[in-house]
Amino acid sequence: MIARVLIPKSDGAAVAVSLVAALPLAALPGEILPQAIAAVVVACLAAWIAWQDATTFTIPDGGVAGLVLVGAALRLGEGLDALHEVRFVLMGLAVDAGLCTGTLLLLRELFYRRRGYDGLGFGDVKLGLAGGVLLGAQGFAWATCGACALALAVVLARRIAGRPMGLRDRIPLGAFLAPAILLAWAVVHHIPSLDATRM
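Just so you know, the residues in each chain are numbered from 1, in the order the chain's sequence is written. Per-residue local features are limited, in this predicted model, to residues with pLDDT of at least 70; the limit for side-chain atom pairs, both in listing and counting, is 80 or more; totals at the level of whole chains, interfaces and linings are taken over all residues. With hydrogens and water stripped out, all remaining heavy atoms of the structure feed into the side-chain values.

**Brief notes about helix H5 (residues 86-115)**
Relative to the 44 Å expected for 30 residues at 1.5 Å per residue, H5 spans 43 Å between its end C-alpha atoms, a close match to the ideal helical length. For every residue, the accessible area (1.4 Å probe, protein chains only) is compared with the maximum for its type, and the residue is labelled buried under 20%, exposed over 50%, or partly exposed between those bounds. Only DSSP runs of H or I with at least four residues qualify as helices, and only runs of E with at least two residues qualify as strands; both kinds are numbered from the N terminus onward. Those residues of H5 not exposed but buried are Val89, Leu93, Asp96, Ala97, Cys100, Thr101, Leu104 and Arg108. One fewer than the residue count of a helix, multiplied by 1.5 Å, yields its expected span.

Below you can see the structure in the form of structure tokens.
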């Protein structure tokens with residue numbers, strides 16, 4: 001019943017695929033095959049989130065849940081591989097997820113109280129949760145910075161092209177943030193010294 005409320009039927013398939021993919025990621029974190037599976041799943045989920053947000057201004061709950069499952073499995077597997085205690089890995093996951101989600105939720109609330117309308121969708125806040133689990137707080141901060149810079153560049157390009165946006169025109173942040181999360185995840189996994197989740 002709870003799952004039916006939190007995850008719509010249309011998103012259930014994505015969560016199921018992510019769950020199946022997450023099992024070997026946690027069991028064999030250092031193997032090439034699980035890392036390849038993770039890359040494909042994360043790329044597909046990020047593309048789905050970006051496409052849906054760009055076309056409908058909504059972020060699929062199944063895509064977010066899938067990123068959380070894969071991110072948690074990867075970090076748990078890496079933590080166990082490094083002989084860390086499970087409770088410390090889970091505490092790190094909780095702190096990162098809380099920081100990222102809480103920061104976006106606070107920004108959303110402050111904007112609403114100042115302007116009287118939502119400037120940040122709740123789907124973006126949930127995407128912050130997934131980014132925090134997958135990247136850690138530091139990696140998610142870099143992804144958010146890159147996504148916002150790209151979104152601002154699009155706004156500037158529209159202005160230069162003679163199509164300025166009004167104050168209430170919407171920008172699908174998830175369409176920029178999901179690819180940025182994917183890129184940041186790919187970078188930190190190819191340059192381990194940048195991976196704050198392993199520290």
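**Notes on the packing of H5 against helix H6 (residues 122-160)**
Across the interface, H5 lies against H6 with an axial gap of 7 Å and an inter-helix angle of 140°. It follows from the interaxial angle that H5 and H6 lie oblique. The element H5 and its partner H6 pack so that their crossing is right-handed. Residues Leu93, Asp96, Ala97, Leu99, Cys100, Thr101, Leu104, Leu105 and Arg108 of H5 form the contact with H6, whose participating residues are Phe122, Asp124, Val125, Gly128, Leu129, Gly132, Val133, Gly136, Ala137 and Phe140. Structural elements are reduced to axes, namely lines fitted to C-alpha atoms, with helices fitted over the stretch in contact, and the angle between N-to-C directions of any two is expressed from 0 to 180 degrees. The scheme is simple: roughly parallel for angles under 35 degrees, roughly antiparallel for over 145, roughly perpendicular for 65 to 115, oblique for anything else. Crossing handedness is read from the near helix: turned anticlockwise from the far helix by less than a right angle, it gives a left-handed crossing, and turned clockwise, a right-handed one. Pairs of residues are marked as contacts when any of their non-hydrogen atoms sit within 4.5 Å.

**Observations concerning a nonpolar patch on the surface**
Residues enter patches when they are more than 30% accessible in relative terms and free of salt bridges; like-charged ones are connected within 9 Å and nonpolar ones (Val, Leu, Ile, Met, Phe, Trp, Tyr) within 5 Å. Areas reported here follow the Shrake-Rupley algorithm with a probe of radius 1.4 Å; residue values treat only the protein chains shown as occluding. For salt bridges, the criterion is a side-chain nitrogen of Lys or Arg within 4 Å of an Asp or Glu carboxyl oxygen. On the surface, Leu80, Val86 and Leu90 cluster together into a nonpolar patch covering about 230 Å² of accessible area. For valine 86, the location among the structural elements is in helix H5. The partly exposed category is assigned to valine 86, whose relative accessible area is 38%.

**As for H6**
Counted at 1.5 Å a residue, the expected span for H6 with its 39 residues is 57 Å, but the 30 Å between its end C-alpha atoms falls short. We define the bend at any residue as the angle between the axes fitted to the seven residues before and including it, ending there, and the seven starting there. When the local axis directions of H6 are compared, the greatest deviation, roughly 115°, occurs at glycine 136. The first or second residue beyond H6 is glycine 162, which carries a positive phi of 85°.

**A short note on the packing of aromatic side chains**
Side-chain rings of Phe, Tyr and Trp (the six-membered ring for Trp) are treated as a pair once their centres are within 6.5 Å; stacked means planes under 30 degrees apart, edge-to-face means over 60, and tilted covers the remaining angles. Inspection of the entire model under this criterion finds one aromatic pair. For a Lys NZ or an Arg CZ to count as sitting over a ring, it must be within 6 Å of the ring centre and within 35 degrees of the ring normal. Sitting over the face of the ring of phenylalanine 57, arginine 170 holds its NZ or CZ atom 4.0 Å from the ring centroid.

**Here we look at the nonpolar core**
Take the buried residues of types Ala, Val, Leu, Ile, Met, Phe, Trp, Tyr and Cys, join any two whose side-chain atoms come within 4.5 Å, and each joined set is a nonpolar core. Core analysis: the biggest nonpolar cluster contains 32 residues, and Leu67, Leu127 and Ile181 have the highest contact counts within it. Counting residues per element, the ones that place at least two in this core are helix H3 (32-56), helix H4 (61-81), H5, H6 and helix H7 (173-190). For this core, the element with the highest residue contribution is H6, accounting for nine residues.

**Some points on the state of the cysteines**
Counting rule for disulfides: a pair of cysteine sulfur atoms within 2.5 Å. All told, the structure shown has zero disulfides when counted by the stated rule. Cysteine 145 takes part in no disulfide bond, and the closest cysteine sulfur, belonging to cysteine 148, lies 7.3 Å away.

**Looking at the environment of lysine 126**
Structurally, lysine 126 can be placed in helix H6. What makes lysine 126 partly exposed here is its relative accessible area of 27%. With 22 residues separating them in the primary sequence, lysine 126 and leucine 104 have C-alpha atoms 8.9 Å apart. Among all residues touching lysine 126, those that are not within four sequence positions of it are Asp61 and Val64.

That's the geometry; what it means functionally is another story.
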